[in-house]
Each structure stands twice: as C-alpha cells, then as structure tokens.
Amino acid sequence: MTQKPKPLSTIQVNGPIPAAQARSIIEESLREAILDGRLPCGTALRQQELADLFGVSRMPVREALRQLEAQSLLNVVQHKGAVVAPLITNNAIETYALRSVLESFALRLSIPLLDAEDLAMAAHYIEQLEAQTDHAEIGRLNRLFHMSLYHKAPNSKLLDLIERELNEEERFLRFHLSSMGLGKLTQDDHRALLEAATAQDIDRAVALLELHLEKACVTIRRYLEQQPSR
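Here the structure is a predicted model, which means the values were calculated and not measured.

Asker: Would you explain the sheet that holds strand β1 (residues 44–45) in this entry?
Answerer: Strand pairing in a sheet relies on backbone hydrogen bonds. The paired strands run either parallel or antiparallel. Read across the sheet, three strands follow the order β1-β3-β2 without closing on themselves; strand pairing throughout is antiparallel. Both outer strands of the open sheet, β1 and β2 (74–77), are each paired with one neighbouring strand and no more. Relative to strand β3 (residues 81–84), β2 runs antiparallel, the two sharing four bridges. For Val-77, the partnering residue across the bridge sits in β3 and is Gly-81. The strands touched by helix α3 (residues 58–70) within the sheet are β1, β2 and β3, with β2 carrying the most contacts at an inclination of about 110 degrees.

Below, the structure written as structure tokens:
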C-alpha cells in the first residue's frame, strides 16, 4: 500500500532562513499552504516538526502560529496544539453580517484618505479579477481589492478584524467557488464601489458595499442550504 505523504512534505523550504525574517517566512509559507489546501482542515501543526522543517528554533515558529491563529486560520485544541481551522460553513451568514458592519465603518474612515495610487491599485485588482479563472487566485484578488479600499482607515484593530473575515472568505471561495455554479463572476459591483470611492461619495460607497455583501450572503446561504447535512 502506498503511504500517503505527510502534509508538511508539500511545503518547500529554499535554503537557510535569515533569523530576522524567520517568523514572516514561516507565517507566509504556512498561510499559503492552508489557503490552497495543502494543509487540510484538522491538520495538527507541531512546533518542533515545523522548527525542524524550516531549520529554526521554536520561537519564530511559535510567533508565526500565533499570527495565523489571530487570522482565524488556526485553532488551539487541547492535547493537539495548533490545528488548521475548519472552512467557513454554517456561520457564513453571521460572518457576512459582521463584515457589513466592520467594512462599512472602515470604508467611511478610509475613503477621505485614499490617494491616486490606492485607487489605481484597486482598479488593477478589478482588471485582474475580470480576466481570472483560477478560483484560488480569485479568492486572493477579491481580498486584496477590498483591503485596497479599507487600508487607509486609521484603526489597526479594525483592519485586523476585517482581514480575519476576508481570510475566511478567501478560503471558502478557493474551495467552493467551482461548485457554486456561478459562472464567470461579474465585476460590476466592484467597479461601482470604486467609482463611488473615487468620487469621495462616502454614503453611496457604503450603500453599494452593503448591497454587495448582502448579495454574496444570499448566494452562500443558497449554496449551504443545498449541501447535505453532516
């Protein structure tokens, strides 16, 4: 019988890692492996194994795991330690309700501070989304587009909370977009949102964002209702 490869074997480490960059490199490597499914839900990530894999001490590993836990990508489970968190499922509706509140607030704070470079970057993400067919990349670009409009909000705690929710949505889109039967995704909502932000029309931008999130919530609710109960 062929032995199934261990999940950590899918992570490539290219040479010695500089000590000053160890935490960020480990965090990003694990984050990508979680998002693209190489580290499946429920996988236990043990500090010593990771330290051996990356050729570092356990301290940067511990710090990286804490960051991933803060992003809702890991849960700490008794007797198992850090475990890859489940994909967003039946709590999707509550997540979108929370996102609507948090993101609307961030958008209000951020729009007055957005400059031409921010707006050009948001437009670039829309162009990439328009041409993209890879579901993993769609999830990533969707997160980056939204954060490009929120990131000037002068409230780091608020932005951290929003990034956590967008990380959950990115994972959901990567694994479920192909089975949701949506066809090619239109960027009309994103374009309208960017136009309102460019015009500094805060009330219209917030209204468009809330409608956009509500439409996404309805789509996901319908999809989840069709799934067999476990």
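Asker: Honestly, unusual backbone geometry in this entry has me stumped. Any pointers?
Answerer: In terms of backbone geometry, most residues other than glycine have negative phi values and most peptide bonds are trans. With phi around 60 degrees, Gln-200 is a residue other than glycine that occupies positive phi space. Mapped onto the secondary structure, Gln-200 falls in the loop between α8 (188–198) and α9 (202–226). On the basis of relative accessible area, Gln-200 is assigned to the partly exposed category, the value being 40%.

Asker: What should I look at first to understand the nonpolar core in this one?
Answerer: Nonpolar side chains tend to gather and get buried jointly when the protein is soluble and globular. Counting 36 residues, the largest nonpolar core has Leu-107, Phe-145, Leu-149, Tyr-150, Ile-162 and Leu-193 as the members making the most contacts within it. For this core, the elements supplying multiple residues, two or more each, are α4 (92–110), α5 (116–131), α6 (135–150), α7 (156–176), α8 and α9. The element that contributes the greatest number of residues to this core is α9, accounting for nine residues. Setting aside residues no more than four positions away along its own chain, Leu-193 makes contact with Leu-107, Phe-145, Leu-149, Ala-205, Leu-208 and Leu-209.

The rules behind these values
- Residues numbered from 1 in each chain as written.
- Predicted model: local features only at pLDDT ≥ 70, side-chain atom pairs only at ≥ 80, totals over all residues.
- Heavy atoms only, no water.
- Pairing = 2+ DSSP bridges.
- Helix = DSSP H or I, 4+ residues; strand = E, 2+ residues; numbered from the N terminus.
- Contact = heavy atoms within 4.5 Å.
- Axes fitted to C-alpha atoms, helices over the stretch in contact; angles between N-to-C directions.
- Buried < 20%, exposed > 50% of the residue type's maximum accessible area, 1.4 Å probe, protein only.
- Core = buried A, V, L, I, M, F, W, Y, C linked by side-chain atoms within 4.5 Å.

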